[in-house]
Each structure stands twice: as C-alpha cells, then as structure tokens.
Amino acid sequence: MKQSRRAFLQTTSLAAAALPLANLLSARANAAAPVPGRRGLLFDASDLPRIRANTQDPRYAVYWHKLLSADLADDKDFLEHHVHFNRHSDDMARVRLTLERTALVAFVTGDPRQLAVAKLAVRRLLDYPKWDLFLEGGKSMGLLRAAEASMAMAFALDWLADSLSADEKEEIIRQIGEKGAPACALSLYGMKYPDRVKGWTWDPDEDYDPALKSVDLSRWPLILNSTNLKTVPAAGLGVAACLLHGRHPKAAEWLDLARSSMHEFATMYGSDGSYDEGVSYWVPTTLDVAVFAEVLWRTLGIDDRGIINYPGTIRYALTMTLPRLDGPAAPLAPRYDIVNFGDANGSVEISLAAWVARTRGDPVSQYVAREVGEAKYHYGLIWYDAAAPFALPEPALLDHRMLNDLVVSRSGWAAADSVVAFRSGGPSNHEHADRNSVIFKAHGDRLTHDPFEAAYAHQMERWKLRLTGAHTAVLINGQGHQYVDGRNGTNASEAWARVTAFATGPGWMTVTSDATDAYQLVNDNIARVERTLVFLKPDVLLFFDRVDLKAAPATVEARFQVFNEDGRGSCSAAGPTFRIDRPYATLQARVAAGSDFMVATGRVAIAAKEGVFPFVEVSAMPARAHVILTACTAAPAGEAHGDILLSQRDGIWRTQGSHRGQKVDVALATGDEGPPVITL
C-alpha cells in the first residue's frame with residue numbers, strides 16, 4: 001500500500017534525527033572521535049585527521065586546490081539564475097557536482113561560503129520536478145542523473161546535517177524516496193525483466209542533443225543489462241536503500257534489487273578482474289560497485305566488498321596505462337595516457353586503488369594510488385592512506401594476457417618504456433571495430449595508434465573513427481569486420497577474435513590472434529584472418545598478417561595509424577619501407593609479402609574540421625592467400641635505425657639484422673592449420 005506523505009515525513013524525521021554524521025560537524029575543527037555505534041556513510045570523524053592530511057599530500061594537493069579554488073560566485077550565479085529543469089544531462093550534472101564539491105569542502109574546512117553554496121545546490125536539486133531524462137510507461141526512470149543525485153544528496157545529508165533544518169532533512173529524505181530510488185528501481189527492474197517493460201523512451205520535454213535523442217531505446221533493457229549503465233542505478237538505489245533502511249516501506253525491497261543487480265553485473269568482470277568496456281568506463285563503473293559495497297558494509301554490516309576480484313581489477317587498470325613524455329593534452333595529459341581501446345578516452349583514476357589498498361591490504365593497489373593515474377574524485381581523498389604499504393607490480397604483469405584476450409606487453413612502467421597493446425577478444429558495449437588492432441608506444445611516444453573521441457551517434461562524422469579503417473588493423477577489399485549500425489547506440493557487435501597462441505621469455509613476447517569470425521560476418525568468402533606479433537623488447541615489433549580466401553581473390557590492406565591529435569604526427573613511404581615520426585620517437589618499417597604490394601600514406605576519410613588522421617597502408621594485390629610481414633623498429637627522435645632484412649623460403653619468413661645494439665633473428669614458419677611456429 002502506498003505510504004502517505006504525512007506517514008513518510010514522520011518516519012523520515014526520525015531518520016534525520018539519527019543521521020550518521022549529524023553530530024560530527026560541530027567537532028570538525030578538532031576531529032573528535034565519533035559517537036559510539038554511529039558511523040558515517042563513507043567515513044567517521046576519527047578519519048578526519050587523515051583526510052585533512054591527504055589535502056596536503058602531494059598526491060592530492062593539486063586536486064584539493066582545485067576544489068578550494070572553484071569560483072563560488074559563479075556557482076552561486078548559475079544555481080540562482082541559470083538552471084534549466086529540462087537539461088538533466090548538463091545543468092543537473094553541474095548542480096550535483098557542485099553539491100558534492102562544496103559539501104565535502106564545507107565539512108572538512110568549516111568554510112561558511114562553501115556551506116552556503118552547498119545548501120543552495122541542495123535546494124536546486126530538490127526543485128527539479130524529475131531527477132532523470134528517461135521515461136518508462138510515462139514514469140520517470142533513472143539511468144544516470146537520478147542515481148547520481150540520490151548518492152550526492154545522501155552524502156550531503158551525512159556531511160551537512162548539523163547545518164540543515166529539520167524540514168530540509170525531511171525534504172531531502174522524502175525526495176530521495178520519491179524521485180531517486182523509485183526511478184532507479186524502475187530501470188533495474190526493466191533490465192531484470194525486459195519482457196515486462198512497457199517502453200523506455202526519452203522524456204519529450206528534455207532539451208538534449210537531437211542526434212543522441214534519436215537513438216532507439218527499444219532494446220536498451222537487454223543491452224544495458226551488461227553495461228556500465230546498470231551499476232549507476234544499482235549504486236544509487238543501494239545507497240538510498242541503506243539510508244532509508246527501516247524508515248521506508250520499500251527500502252528492503254530496493255536493497256534486494258540493488259544487491260542482486262550488482263551481483264549479476266559482477267559477472268561482467270573476468271575472474272582476473274579484467275573488464276571489457278575499456279578502462280575509462282571501468283573507472284566510474286567499478287567505483288559505483290565499491291561505493292555501494294562500502295556504504296552497505298558501514299550501515300548494515302553486509303559485506304559485498306568481494307563480489308569482484310578487486311586486486312585483480314586494479315592490475316587490469318594498471319596494465320592499461322600508457323604514460324608518455326610531456327607534451328600537449330590530446331586529449332589526455334601524456335603522463336595519464338591509456339590503452340584507449342574502444343571509447344576509452346579518460347585517465348585511470350586512483351580512488352578505487354586507494355580503497356582496495358585499505359580494505360584488502362594490497363600493496364600493488366597502494367602503488368597505483370601513490371604513483372600511477374590521476375586524482376579526480378573525492379572518494380580517493382576520503383580513502384587514501386599515505387601510510388599503507390606499497391610494492392612494485394609483479395614481473396608477470398609486464399606480459400599480461402587477460403582472460404578477455406586483451407594482451408599488453410611492456411618493457412617497464414615509466415614514460416620512456418615500450419608498450420605493445422593488442423586488441424583480441426570479443427564484443428562489448430563502447431567497443432570499436434578494432435579486432436587485432438595494435439597500439440605501440442616507445443621512447444615516450446605513441447607510434448601506432450587508436451583514435452580518441454569517436455562519436456557516439458552514427459549521424460556524426462566522428463562515428464567513422466569507430467570503424468576498422470581508422471585502426472591499426474587489416475581491411476579486406478577495403479572493408480573491415482562486422483560492426484553495429486548505431487541505431488541502438490554504442491552497443492556490442494557480434495565480432496570475435498581469439499588468442500590462439502601466447503608465449504613470453506626474457507625480453508620477448510609473441511602472440512597470435514584469429515579474427516576470422518569477425519570478418520566472415522561481412523564476407524563469407526574469407527577463410528582466415530590472423531595476426532601474429534613478435535615483440536623483442538624494447539624496440540623491435542613484427543606484424544605477421546595472414547589472410548586466406550575460399551574462392552575469389554581479394555585485396556588486403558594493413559593500416560598503421562599515426563597519432564596526430566596533437567598535430568605533431570607524420571608518416572612517409574618509400575618502396576617497401578615506411579616511417580612514422582613523432583616528437584620523441586620514430587618508427588621505421590620494412591615490408592615483405594607473398595604477393596605484389598605497395599606502401600603508401602593516406603588519411604582517414606573524415607571531414608577536415610574533425611582533424612587529420614594520417615596512416616600508412618600496405619596494400620597487397622588480389623590473391624587467394626596473403627602473407628604480409630612488417631618489421632618495425634623504434635628509436636628516440638634523431639637517432640638512426642638499424643638494418644633489418646626480410647626473406648622467405650619454403651614457407652619460412654625470416655627477419656634478420658640489428659637495431660640499437662640488439663640482434664634480431666626471427667623465423668616464422670607457416671602451415672595450413674594453426675598459428676605460425678616462431679623461432680627466436
């Protein structure tokens with residue numbers, strides 16, 4: 001039976017009186033011990049000395065300065081005069097972010113100016129008629145904004161309780177129970193029972209990008225069930241349910257739905273902690289899982305802090321880092337660069353590493369929190385403990401084949417070290433058409449590349465950056481492998497590649513990936529698409545591509561993309577050789593093939609206003625069986641490359657020579673079946 005507003009307010013007034021940190025603000029100056037039996041949602045008053053110390057720690061000082069130096073006058077002006085209640089994607093996000101920032105700063109510092117803006121942000125969120133931009137059966141449905149608002153309001157209530165009136169507390173709790181939790185529950189219910197969905201739609205009143213709003217949501221209950229957009233409402237609903245536990249008639253039901261949703265989603269991580277949507281989506285997704293687990297443990301004593309392999313997933317994120325030497329941010333600051341497979345466009349953020357270091361006592365997670373990635377969220381400021389033990393990554397992580405068949409091999413963890421990242425594996429949300437593509441970094445610079453910031457809407461020009469032709473990958477008759485058409489958004493394709501061989505030794509790594517299935521989906525004449533890499537650390541990388549056709553001959557084009565988002569990349573070709581130039585490093589390559597070929601330079605066919613995306617293309621003439629061997633060497637800019645010779649006899653392809661004092665002698669023997677046999 002629906003609870004009356006009067007009954008709801010009666011229960012929530014009791015809740016407000018017992019808020020976890022309600023009595024702590026008065027003690028913030030001296031960081032007094034918490035009241036026995038009373039815990040904050042994320043931290044206790046006893047944690048305040050450590051949190052305050054973190055604000056001065058070099059790891060968080062820059063982030064903390066950014067919080068303190070935010071323009072409060074501009075915040076106030078926006079909150080008072082420029083908030084549109086039908087712009088959830090932009091305006092409501094800014095209101096929520098302002099609340100999170102000012103509420104925490106006000107709590108830690110006691111600054112009345114921060115408190116005033118925080119209370120104004122609370123008021124604006126309360127003024128929103130709906131907390132999200134989606135509908136289900138005419139009811140508000142929460143995928144992002146309702147969940148974010150629920151968590152921000154719950155934490156603000158925790159931190160600002162002494163400065164809020166009883167009416168304000170009651171109103172916050174009431175609206176979480178009316179606008180936040182039900183909206184999140186509606187989306188999670190739809191993902192759990194897609195056959196019962198009446199029809200997800202965009203709110204027609206929402207002022208939103210028409211291209212994105214044209215995305216068909218009819219399959220989203222099925223699609224989103226295995227994406228990051230499941231953890232956001234699950235976390236929002238879970239935190240709300242913890243806050244309302246014992247005080248709202250649906251709180252227990254909501255908690256069960258949130259927990260079951262998180263447990264279901266946990267299977268999207270490999271048992272090794274690997275994650276398919278890319279490391280940028282890993283950051284907020286895994287943080288959502290952890291935040292809910294932490295609040296659940298602290299409020300109700302239920303321990304869901306082990307539903308995924310947290311030490312393993314930190315190692316996944318560490319593996320996906322690609323630090324470079326200093327230069328323009330394009331789009332990432334070089335020290336925070338990443339292996340940007342798919343839509344990964346943001347740095348590895350360290351909050352989760354700080355949490356795992358504290359809760360699991362994992363020293364490698366502490367190494368990540370101290371030395372790797374970027375501080376961007378307030379959670380890390382709360383969780384980071386500078387005194388926790390740390391240790392360098394295990395040597396095995398230098399050659400890391402993950403359970404999802406991503407392979408990353410490196411010579412070390414510094415900006416000047418070399419990294420080879422190989423995209424095998426299956427489909428996922430936010431993927432690109434990039435099977436068997438390669439990113440190669442050496443001497444502080446990207447030498448083969450995967451483009452950043454592809455469009456999410458298929459009508460946009462930068463959608464082309466999602467396609468195979470924009471990656472360091474293979475085309476057949478100028479065509480890439482199967483991919484989605486964009487009508488449902490950036491959902492998963494049906495394209496698979498699989499690692500069929502992987503080996504490592506002192507100073508080397510070899511891997512073979514078969515992407516035949518992915519290409520056969522668009523061309524049933526294809527019998528084999530296979531790429532083998534031989535990485536002789538730190539400077540020699542061999543590409544060995546084999547393509548077989550069942551009947552009609554076809555051309556094969558192997559592209560090598562140049563990093564030029566900062567306008568500093570170029571390439572050239574001469575006979576069977578090519579060169580890629582970057583400010584800190586150069587790549588020189590020699591090509592041999594089983595049929596006639598040519599090497600030329602080109603650009604991704606995209607409007608000039610979107611940028612220039614150069615590539616080198618090795619084009620093999622029509623044949624039924626193709627072998628292309630491309631031997632690449634890397635060197636610091638201005639330094640000469642060694643001499644590498646290629647030959648072939650009786651199905652054995654040899655690469656011989658030397659480069660920067662490193663002897664090279666590699667044989668790849670081909671047969672009708674299976675990966676090549678490699679002799680080093």
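Scroll up to find the structure.
Residues numbered from 1 in each chain as written. Predicted model: local features only at pLDDT ≥ 70, side-chain atom pairs only at ≥ 80, totals over all residues. Heavy atoms only, no water.

Draft legend 1. Main features of the packing of aromatic side chains. Tallied over the full model, the rule gives 24 aromatic pairs. Chaining the aromatic ring pairs together yields one cluster made of F43, F107, F155, W159, Y310, W355, Y379 and W383. When the ring centre of Y193 is taken as reference, the NZ or CZ atom of R196 above it lies at 4.0 Å. A cation over an aromatic ring shows up here: R446 above the ring of F563, its NZ or CZ 5.7 Å from the ring centre. (Phe/Tyr/Trp six-rings, centres within 6.5 Å; stacked < 30°, edge-to-face > 60°. Lys NZ or Arg CZ within 6 Å of the ring centre and 35° of its normal.)

Draft legend 2. The arrangement of the pattern of salt bridges in detail. The tally for this structure, following the rule as stated, stands at 51 salt bridges. The closest approach of N and O atoms between E148 and R96, which form a salt bridge, is 3.2 Å. One end of the pair, E148, is in helix α7 (residues 145–160); the other, R96, is in helix α5 (residues 88–109), and 52 residues separate them in sequence. R96 carries the same exposure label as E148, and that label is buried. (Salt bridge = Lys/Arg side-chain N within 4 Å of Asp/Glu carboxyl O. Helix = DSSP H or I, 4+ residues; strand = E, 2+ residues; numbered from the N terminus. Buried < 20%, exposed > 50% of the residue type's maximum accessible area, 1.4 Å probe, protein only.)

Draft legend 3. Up close: the packing of helix α13 (residues 279–300) against helix α14 (residues 310–319). For the pair α13 and α14, interaxial distance at closest approach is 11 Å and the crossing angle is 160°. The angle between the axes of α13 and α14 places the two elements in the roughly antiparallel class. Considering the relative orientation of α13 and α14, their crossing is left-handed. In this structure, α13 contributes V279, W282, T286, V289 and A290 to the contact, and α14 contributes Y310, T313, I314, Y316 and A317. For the contact of α13 with α14, the residue count by class is eight nonpolar, two polar and no charged. (Axes fitted to C-alpha atoms, helices over the stretch in contact; angles between N-to-C directions. Parallel < 35°, antiparallel > 145°, perpendicular 65-115°, else oblique. Left-handed = near helix turned anticlockwise from the far one by under 90°. Contact = heavy atoms within 4.5 Å. Nonpolar A, V, L, I, M, F, W, Y, C, P; charged D, E, K, R; others polar.)

Draft legend 4. How the structure looks around helix α16 (residues 363–371). By the burial criterion, the buried members of α16 are V364, S365, Q366, Y367, V368 and A369. On its buried face, α16 sits against α3 (58–68), α14 and α15 (351–360). Backbone geometry just downstream of α16 places G373 in the positive-phi region, at approximately 75°.

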